[in-house]
Amino acid sequence: MTGRPGPGASGRPDPVAVVAEVVDPEMPMLTLADLGVVREVRQDGDDDTVTVTITPTYSGCPAIDAMRADLRTRLNEAGYPRVTVHTVLSPPWSTDWISERGLRALAEHGIAPPARTVRVGAEPGRAAARSGPVALTLTAPPAAVRCPRCGAAATEELSRFGPTACTALRRCRSCREPFEHMKDI
Amino acid sequence: MNAHTGTSHTGTSHSEVAEHDPTNAYQSLSETVGHDDPRWAFGTGVEDVQTEIVAPVPDGIDPADLVAYCLMLGDDALICSHRISEWVANAPELEEEVALANIALDLLGQARLLLARAAHVEGRGRDEDDLAFWRTEAEFRHVALAELDDQLDFGHAIARLLVFSTWRLALLQRLLGSRDPVLAAVAGKGVKEVSYHRDYAARWLLRLGDGTAESHLRAQAGVHAVWPYLEELFRTSAQESRLAGAGVGVDPAAVRDEVTDVLTTVLGQATLELPAVAPVGLLGGRSGRQGLHTERLGHLLAELQSLARQHPGAVW
């Protein structure tokens, strides 16, 4: 760590700025902040201690441990020797937490971004209070997902599940390229 | 651990890793192997970083009831997740393998949270891994449906998944308002995940039931195989009854109508018959919730627990 700012040294970057640059381990075109999983960055008492609060996308998302480790490493490198990463589940993450910049970054890298959901009576990113059971879809949903490569509207779902917990697999009927679509949840 | 990689990491100047290639998903992995976090291994210690897991037991609740209830819902997810994961390297198509693995992973995530909560409230120094890997058969609290062996028959697996996810979704929806913050938070995430699982299973049952003569036959056989295990899903244990009365848990008897409605709708559209079969009964008044399981569980646990038991405390 020679040449790096030591603990307590002046000129350390703002921990919020350090956290803002950490990227998602599975979708490295997105920062964790743009993905919407960073809930809080707090610098405590002695200034050497930083507490970051994040939330998982899916309950079993295996990337959460990598996120924790990456946050700790980056903050240590930036001169904060004591880093705690908390995980909270509530309010649950949804694709509405992804920033506008994040949506653009996904599209630019060939992943069709999720649609913005409209939830009556709910805060953005919060699950709407539902009175009845979740709608059971027994017919194909409207294919409103555009091809991120050629922009064609005619795309089809290949699989409801993709290579990561948060994506589905689709194919463009026009350019025939397969692509990932971030599931709308 | 990580002594070799740790050395190489600290020997790398920061400028060499600063450039980030947004198309290289492996970069962040290779950049961060140098610290001591036991990543990718079991034993990553959910409890000490989960803010909600350590929340106090709600007023007026017997901690032993809450522990038992977290084990019930956690074991349902853990054991069913294991059964579904048996399809990895065995599925008919790669896409279905990925789908089933994703579903298993969601359920495993739910199981970890619930077992971590059970371990915390229990207060005996055990963690989620101890509960998953070091309990014996009679200490598990899942329903028989979760451990049902599908013999790697896809129709059977889909029928089991439809019933399991329809029932679990109905429970989780009612747990959104639980007075226990962990149960409410697990439900908040789980409702979205399990809705997706149910949708996946319903679509497949439609394709199979309303497909070819062979797929219809296999789907109907799958439905027949799981139907005797439906009744147990609506039996109320003593703990569930007390927790439901206190606004913490759900009385499973209360979801019977909703679950039956959904299953009847899907089966009808899939041109499949509702089986008229006798439910599996109780033995001395006991079933899965009381720790009584079928002979299948021993085989399942032998596989699920073998690594942890052969290498206690192992990390990599």
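Residues numbered from 1 in each chain as written. Chains lettered and ligands numbered in written order. Predicted model: local features only at pLDDT ≥ 70, side-chain atom pairs only at ≥ 80, totals over all residues.

## A look at the overall build of chain A
Going by this rule: Helical segments are the DSSP runs of H or I of at least four residues, strand segments are the runs of E of at least two, and each set is numbered from the N terminus. Exposure is read from a count of other C-beta atoms within 10 Å of each residue's own; the residue is exposed at 12 or fewer, buried at 20 or more and partly exposed in between. C-beta atoms are placed from the backbone. Each residue is represented by a C-beta atom placed from its backbone, and any two residues with such atoms within 7 Å are regarded as in contact.
Check the secondary structure of chain A and you find four helices and seven strands. Starting at the N terminus and ending at the C terminus, chain A contains elements arranged as α-α-β-β-α-β-α-β-β-β-β. For chain A, the residues scored as buried account for 45% of the 185 residues in total. Considering only contacts within chain A whose residues lie at least 6 apart along the sequence, 56% involve residues at least 24 apart.

## Description of the environment of Cys166(A)
Residue and element names in this part refer to chain A. Relative to the assigned elements, Cys-166 resides in the loop between β5 (155–159) and β6 (167–172). Using a count of 26 C-beta atoms within 10 Å as the deciding quantity, one classes Cys-166 as buried. Residues Cys-166 and Met-182, spaced 16 residues apart in sequence, show a C-alpha to C-alpha distance of 5.8 Å. Ignoring any residue separated from it by four or fewer positions in sequence, one finds Cys-166 in contact with Thr-57, Tyr-58, Met-182 and Lys-183.

## Some remarks on unusual backbone geometry
Going from Ser90(A) to Pro91(A), the amide bond is cis rather than trans, its omega being 0°. With phi around 55°, Gln151(B) is a residue other than glycine that occupies positive phi space. Tracing the backbone through its elements, the reader meets Gln151(B) in the loop between α7 (144–147) and α8 (154–175). You can call Gln151(B) exposed: it has 8 C-beta atoms within 10 Å.

## Remarks on the domain arrangement of chain A
Heads up, the condition is: For the domain bounds, the source is a domain assignment made automatically or taken from a database.
Under the domain assignment, chain A is made up of domain 1 (15–87) and domain 2 (142–185). Look at where the C-alpha atoms of domain 1 of chain A and domain 2 of chain A centre, and you get two points 29 Å apart.

## With respect to the sheet that holds β5(A)
Residue and element names in this part refer to chain A. Keep this limit in mind: Strands pair, by our definition, only if DSSP identifies at least two bridges between them.
Strand order in the open sheet made by the four strands is β4-β7-β6-β5, with mixed pairing throughout. Each end of this open sheet is capped by a strand with a single partner; those strands are β4 (111–112) and β5. Here β4 pairs with strand β7 (residues 178–182) via two bridges, running parallel. Looking at β7, one finds that Ile-111 is bridged to Glu-180.

## Topic: the confidence of the model for chain B
All names here are of chain B. Note the threshold: pLDDT is defined as a per-residue confidence score from the predictor, taking values between 0 and 100.
Mean pLDDT for chain B: 87, with 84% of residues reaching 70 or above. Note on residues 1–18: pLDDT is under 50 here. Beyond four places in sequence and across chains, it has 14 contacts. Here residues 27–48 is a poorly scored stretch, pLDDT under 50, and it has 51 contacts once near neighbours within four places are set aside; other chains count.

## Some thoughts on the pairing of strand β1 (residues 38–44) of chain A
All names here are of chain A. Summarising the sheet, β1 and strand β2 (residues 49–54) pair through six bridges and their orientation is antiparallel. Bridge pairing links Glu-40 to Thr-53 in β2. Between the antiparallel neighbours β1 and β2 lie four residues, among them Asp-47 with a positive phi of about 70°.

## Observations concerning the nonpolar core
Residues and elements named next belong to chain B. Counted only if it meets this: The term nonpolar core refers to a set of buried Ala, Val, Leu, Ile, Met, Phe, Trp, Tyr and Cys residues connected through C-beta atoms within 7 Å.
Leu-145, Ile-158 and Leu-205 are the most contacted members of the largest nonpolar core, which totals 132 residues. With 16 residues, the top contributor of residues to this core is helix α5 (residues 94–122). Setting aside anything within four residues of it in sequence, one finds Leu-145 in contact with Arg-160, Val-163, Phe-164, Val-226, Tyr-229, Glu-232 and Leu-233.

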